[in-house]
Amino acid sequence: MRAKRFKIGGVTRDKEYDLATATKGTRILYFAIHDSEAESNDNVVLVHLKAQLRLRNLARPFKFEDIAIKGRGVRGNLVTKHAVDRVVRAPKNQELDLGDA
């Protein structure tokens, strides 16, 4: 799974923009829009992995402030090599262990 952050300078009406490569099996699991870079830095998600043999932690927190803001056409940063089940926004009221993520 890859994650990426990008700014949109402007858009043209009635034009489609590619966010990811058009390879088979590509999916967008989480998409969020923020007004400022500070809001984007505060964004934390939980990456739920598919159960596999010898995989102990099935949910891993991911902070978007760890990756740089780049262009829309980049491939993105590798988050995990394991198969991902779903990505959800992390609850704000719950303490997350982000030390080794």
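Residues numbered from 1 in each chain as written. Predicted model: local features only at pLDDT ≥ 70, side-chain atom pairs only at ≥ 80, totals over all residues. Heavy atoms only, no water.

Quick look at the pattern of salt bridges
Then step 1. Inspection of every chain in the model, using the stated rule, returns two salt bridges.
Then step 2. For the salt bridge of Lys63 with Glu65, the shortest nitrogen-to-oxygen distance reads 3.3 Å.
Then step 3. Overall, the relative accessible area of 41% leaves Glu65 in the partly exposed class.
Then step 4. Residues Arg86 and Asp85 are paired through a salt bridge, measuring 2.9 Å at the closest nitrogen-oxygen approach.
Then step 5. On the accessibility criterion, Arg86 (41% relative accessible area) is partly exposed. (Salt bridge = Lys/Arg side-chain N within 4 Å of Asp/Glu carboxyl O. Buried < 20%, exposed > 50% of the residue type's maximum accessible area, 1.4 Å probe, protein only.)

Digging into the nonpolar core
Then step 1. Judged by nonpolar contacts, Ala3, Val45, Val47, Leu49, Leu55, Phe62, Phe64, Ile67, Val84 and Val87 together constitute the single largest core of 10 residues.
Then step 2. Counting only elements with at least two residues in this core, the list comes to strand 3 (44-49) and strand 7 (84-89).
Then step 3. Element by element, the count of residues in this core is highest for strand 3, at three residues.
Then step 4. When residues no more than four places from it in sequence are discounted, the contact partners of Ala3 are Phe62, Phe64, Ile67, Gly76, Asn77 and Val79. (Core = buried A, V, L, I, M, F, W, Y, C linked by side-chain atoms within 4.5 Å. Helix = DSSP H or I, 4+ residues; strand = E, 2+ residues; numbered from the N terminus. Contact = heavy atoms within 4.5 Å.)

Some points on the sheet that holds strand 3
Then step 1. Taken in spatial order, the three strands of this open sheet run 4-3-7, and their pairing is antiparallel. At either margin of the open sheet sits one strand with a lone partner, and together these are strand 4 (59-63) and strand 7. Each neighbouring strand pair of the sheet contributes to a mean axis angle of 25°, computed without reference to strand direction.
Then step 2. As judged from the five bridges shared by strand 3 and strand 4, these two strands associate in the antiparallel manner. Looking at strand 4, one finds that Leu46 is bridged to Pro61. (Pairing = 2+ DSSP bridges. Axes fitted to C-alpha atoms, helices over the stretch in contact; angles between N-to-C directions.)

Some remarks on unusual backbone geometry
Then step 1. Located in the positive-phi region is Asp14, a residue other than glycine, with phi close to 60°.
Then step 2. Summarising the element assignment, Asp14 is placed in the loop between strand 2 (5-6) and helix 1 (37-41).
Then step 3. For Arg54, which is not glycine, the phi dihedral falls at a positive 70°.
Then step 4. Assessed through its relative accessible area of 80%, Arg54 is described here as exposed.

Thoughts on the side chain of Thr80
Then step 1. Looking at the secondary structure, you find Thr80 in the loop between strand 6 (77-78) and strand 7.
Then step 2. With a relative accessible area of 6%, Thr80 lands in the buried category.

Some words on the packing of aromatic side chains
Then step 1. By the definition in use, this model includes two aromatic pairs.
Then step 2. Geometrically, the ring pair formed by Tyr30 and Phe64 is stacked, given 6.2 Å between the ring centres and 25° between the ring planes. Taken as a pair, Tyr30 in the loop between strand 2 and helix 1 and Phe64 in the loop between strand 4 and strand 5 (69-70) lie far apart in primary sequence, 34 residues in all.
Then step 3. For Tyr30, a relative accessible area of 22% translates into the label partly exposed.
Then step 4. Centroid distance Phe62 to Phe64: 5.1 Å. Interplanar angle 80°. Geometry classified as edge-to-face. Per residue, the accessibility class of Phe62 equals that of Phe64, and both read buried.
Then step 5. Members of the aromatic cluster, connected to one another through ring pairs, are Tyr30, Phe62 and Phe64. (Phe/Tyr/Trp six-rings, centres within 6.5 Å; stacked < 30°, edge-to-face > 60°.)

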